[in-house]
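# A closer look at the structure
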Amino acid sequence: MITTSRPPSVNSLGAEGDPFSALLRPPASETEHERVDRLRREADAKRISDSIDEEIKADRERMRKSRQDIRLLLLGQAESGKSTLQKQFQLLYNPAGLDDERLSWRTVIYFNIARPISRILEALDAFGDSDDDDDFASDATYSISDVRAPSGIPVPSISPTLAADEKSLSPSQLSLERQISVFRARLAPLLSAETSLADRLSGGVDVSGSGKGSVYVRSGWQSRTLGLSFGKARERTSSGGRFSFSGRNSTDNQKSDVELQARRGESAEDKLVLEVASILSTCQKDIRELWEYPAVKKLRDRRRLKLEEWAEYFLNNIERVSAPGYLPTIEDILHARIQTMGVAEHIFDMAVHGRNVRWHLFDVGGARGQRHSWIPYFDDANAIIFLAPVSAFDQYLDEDPRTNRIDDSLQLFKQICSNGLLKRAHLVLFLNKTDVLKAKLASGTKVNKYITSYGDRANEYDAVVAYFKAHFTQVHRRNNESNRVLFTHLTSAVNTRAMQSIITDVRDSIFRGYLKSAALV
């Protein structure tokens, strides 16, 4: 049998035999100056170590408190109304923050005007108007120079002969082809500004497959346009790279940083926004004339030109939006449209039944290519509001033109209902954009033309809503292993009065479910 002696322990060796003590022991030849320097370094190292210990302790305390917070996910496909719902939450629980953002929304609204104008002209070029007479097609040419305004926007140059001819003839007296050319020349500055506005919003990020030339923005896009405290994104070290918007007041240091950032960007920002504002003021009548042009109305009636509700809203309000000194209203901000990239976190402190609770609201990008970014937020979600736009029965995905948007919503809702990470989350369904649905049905759009299973049911609002609601309810029932209750609401996210009442009801139901799951009631 092989035996070995037990190795001596560190304690049995004493200070003289401890290798670490020998390593840390100062040399016998250490001078007084070296001793002072060594003690200073040791004090600095201890201070840093104590600071790290304090940060770890603070992180643990924040983690402990965050377990009491409520995390709400806003899920749904692109253009379902998630960001609009987030604005309604902000309007209800942090109105000052939304008010501070007003100026930054001018860039979005101006882009929301330039983009549909471009699409209208493209539709006129592609489809024209077969009823109009083309015999008087103009052979005049328009010369667009590359001279640029201070903001970098190209300025059109029209030949003197054509300018004189244009003054003598109104667009209604010209042939369709020539009218389109005249519209293009008159609106050329606005069309050129579209790219500058898109770059300002996206930060130069180009996302493939965005569809319709949509602009995707990351968290904190407001800070790029104006340097606002609410829009300035901050990365949380304890959340794996999530970004958040804080609805609470910033500290004095944060305010100073934001003010400095705003001053640095003020010159370039004002130059672009003021230039576009001037262009809109100049082109206001031309925009109105194009929007009301008979050929455009025919294209819309024949559904060869499909514009989203936000585009129609701003074109219908072009006189007010293009007025000098324009400041976006809350209604304008609610209708403004940009597509979210990734996940943006918004924090609100809400008083619920006498108890102050911090809510983390996550607004996600809904395009198919963005949905993978939702998964890291599933494990600690307390509640979900799933938004399904019932007005989208006649629309198809930009990413997949073969897929009806209602069908995509149903498939996405099925995935959410059946996801194991979300089985304990409070589930709320918003059948959204009911106002747009009513307008489409009133205009004579037939649901069964796009949803063949709708059959011979009445083409009326109540029947259509009941049909879609039954399908979503059926999806939930078939994928509900935990016997979770589904709360359903018919909504129009831009209707502030109605939404505030619904949000309050949803908040209370989520809070009751949260207390129940936490075994506090």
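The coordinates are above.
The structure contained in this document is the topic of the report that follows. Just so we're clear, the structure is a prediction, and the values are computed from it rather than from any experiment.

Cut-offs used in this document
- Residues numbered from 1 in each chain as written.
- Predicted model: local features only at pLDDT ≥ 70, side-chain atom pairs only at ≥ 80, totals over all residues.
- Heavy atoms only, no water.
- Helix = DSSP H or I, 4+ residues; strand = E, 2+ residues; numbered from the N terminus.
- Areas by Shrake-Rupley, 256 points an atom, 1.4 Å probe, with all protein chains shown as cover.
- Axes fitted to C-alpha atoms, helices over the stretch in contact; angles between N-to-C directions.
- Parallel < 35°, antiparallel > 145°, perpendicular 65-115°, else oblique.
- Left-handed = near helix turned anticlockwise from the far one by under 90°.
- Contact = heavy atoms within 4.5 Å.
- Nonpolar A, V, L, I, M, F, W, Y, C, P; charged D, E, K, R; others polar.
- Phe/Tyr/Trp six-rings, centres within 6.5 Å; stacked < 30°, edge-to-face > 60°.
- Buried < 20%, exposed > 50% of the residue type's maximum accessible area, 1.4 Å probe, protein only.
- Lys NZ or Arg CZ within 6 Å of the ring centre and 35° of its normal.
- Salt bridge = Lys/Arg side-chain N within 4 Å of Asp/Glu carboxyl O.
- Core = buried A, V, L, I, M, F, W, Y, C linked by side-chain atoms within 4.5 Å.
- Pairing = 2+ DSSP bridges.
- Right-handed = clockwise from strand over helix to strand, strands pointing away.
- Expected span 1.5 Å × (residues − 1).
- Patch = residues over 30% accessible without salt bridge, like charges linked within 9 Å, V, L, I, M, F, W, Y side chains within 5 Å.

### A few points about the overall build of the protein
Helix and strand counts for the protein come out as 19 helices and ten strands. In the form shown here, the protein has an accessible surface area of approximately 27,100 Å², with 50% of it arising from carbon and sulfur atoms.

### Some points on the packing of helix 16 (residues 405-418) against helix 18 (residues 461-478)
Where helix 16 contacts helix 18, the two axes come as close as 9 Å, and the packing angle between them is 30 degrees. With respect to their mutual orientation, helix 16 and helix 18 come out roughly parallel. Where helix 16 crosses over helix 18, the two elements pack in a sense that is right-handed. Contacts between helix 16 and helix 18 pair Ile406, Ser409, Leu410, Phe413, Lys414 and Cys417 from the former with Phe468, His471, Phe472, Val475 and His476 from the latter. Residues of the contact of helix 16 with helix 18, tallied by class, amount to seven nonpolar, three polar and one charged.

### Focus: the packing of aromatic side chains
Going through the model one piece at a time under the given rule, you end up with ten aromatic pairs. Their ring planes at 70 degrees and their centres at 5.7 Å tell us that Phe183 and Tyr293 sit as a pair that is edge-to-face. On the criterion of sequence distance, the pair formed by Phe183 in helix 8 (residues 176-186) and Tyr293 in the loop between helix 11 (252-291) and helix 12 (294-301) is long-range, its members being 110 residues apart. Pair check on accessibility: Phe183 and Tyr293 agree, each one buried. The rings of Phe386, Phe413 and Phe472 are connected pair by pair, giving a single aromatic cluster. For the cation-ring pair, Lys438 lies above Tyr461, with the distance from its terminal atom to the ring centre recorded as 4.8 Å. Directly above the aromatic system of Phe393 lies the positively charged group of Lys440, at a separation of 5.7 Å from the ring centroid.

### Comments concerning helix 8
Summarising burial for helix 8: eight of the eleven residues are buried, a large majority. Every buried residue of helix 8 is accounted for by Leu176, Arg178, Gln179, Ile180, Val182, Phe183, Ala185 and Arg186.

### A look at the side chain of Lys440
Summarising the element assignment, Lys440 is placed in helix 17 (residues 434-442). With relative accessibility at 14%, the residue Lys440 sits in the buried group. Non-local contacts of Lys440, meaning those with residues more than four positions away in its chain, are made with Ser391, Phe393, Asp394, Gln395 and Thr445.

### Topic: unusual backbone geometry
Of note in the backbone geometry, Glu79 takes a positive phi value of approximately 65 degrees without being a glycine. Counting through the fold element by element, Glu79 comes out in the loop between strand 1 (70-75) and helix 4 (82-93).

### Observations concerning the pattern of salt bridges
Under the criterion given, the structure shown has 27 salt bridges. Linking Asp380 and Arg71 is a salt bridge whose minimum nitrogen-to-oxygen distance equals 3.3 Å. Of the two residues, Asp380 is situated in the loop between strand 7 (355-364) and strand 8 (383-389) and Arg71 in strand 1; the sequence distance between them amounts to 309 residues. A relative accessible area of 28% means that Asp380 is categorised as partly exposed. Looking at Arg71, the relative accessible area reads 10%, which means it is buried. The salt bridge involving Asp125 is made with Arg184; its shortest N-O contact spans 2.7 Å. With Asp125 in helix 6 (residues 105-127) and Arg184 in helix 8, this pair connects stretches of sequence that are 59 residues apart. By relative accessible area, Asp125 is classed as partly exposed at 45%. Of the residues examined, Arg184 reaches a relative accessible area of 30% and is grouped as partly exposed. What emerges from the salt-bridge pattern is a single network uniting Asp37, Arg40, Arg41, Asp44 and Arg47.

### Looking at the nonpolar core
Judged by nonpolar contacts, the single largest core of 50 residues is most densely connected at Ile113, Ile117, Ile120, Leu124, Ile287 and Leu290. Counting residues per element, the ones that place at least two in this core are helix 6, helix 8, helix 9 (188-202), helix 11, helix 12, helix 13 (309-316) and helix 14 (318-321). It is helix 6 that contributes the most residues to this core, twelve residues altogether. Among all residues touching Ile113, those that are not within four sequence positions of it are Leu190, Leu280, Ile287, Phe314, Leu315, Ile318 and Val321. Formed by 38 residues, the second largest nonpolar core is a distinct cluster that contains Phe378, Val390, Ile416 and Leu427.

### So, the pairing of strand 8
Of all seven residues that make up strand 8, seven are buried, and the element is covered over most of its length. Residues Ala383, Ile385, Leu387 and Pro389 line one face of strand 8 and the alternating positions Ile384, Phe386 and Ala388 line the opposite face, and both faces are buried. Strand direction decides the pairing type here: strand 1 and strand 8, joined by four bridges, are parallel. By the bridge assignment for strand 8, Leu72 is matched with Ala383. The sheet contact formed by strand 8 and strand 9 (residues 426-432) spans seven bridges and is parallel. Bridging from a neighbouring strand, Leu387 pairs with Phe430 of strand 9. In terms of handedness, the path from strand 8 via helix 16 over to strand 9 forms a crossover that is right-handed.

### What about helix 6?
In a regular helix each residue adds 1.5 Å, so 23 residues correspond to 33 Å; helix 6 covers 33 Å between its end C-alpha atoms and thus fits that length. Looking one or two residues past helix 6, Gly128 carries a phi angle of roughly 60 degrees, positive in sign.

### Observations concerning a nonpolar patch on the surface
Taken together, Ile48, Ile52 and Ile56 make up a surface patch of nonpolar side chains, about 260 Å² in accessible area. The residue Ile48 is located in helix 3 (residues 32-66) in this model.

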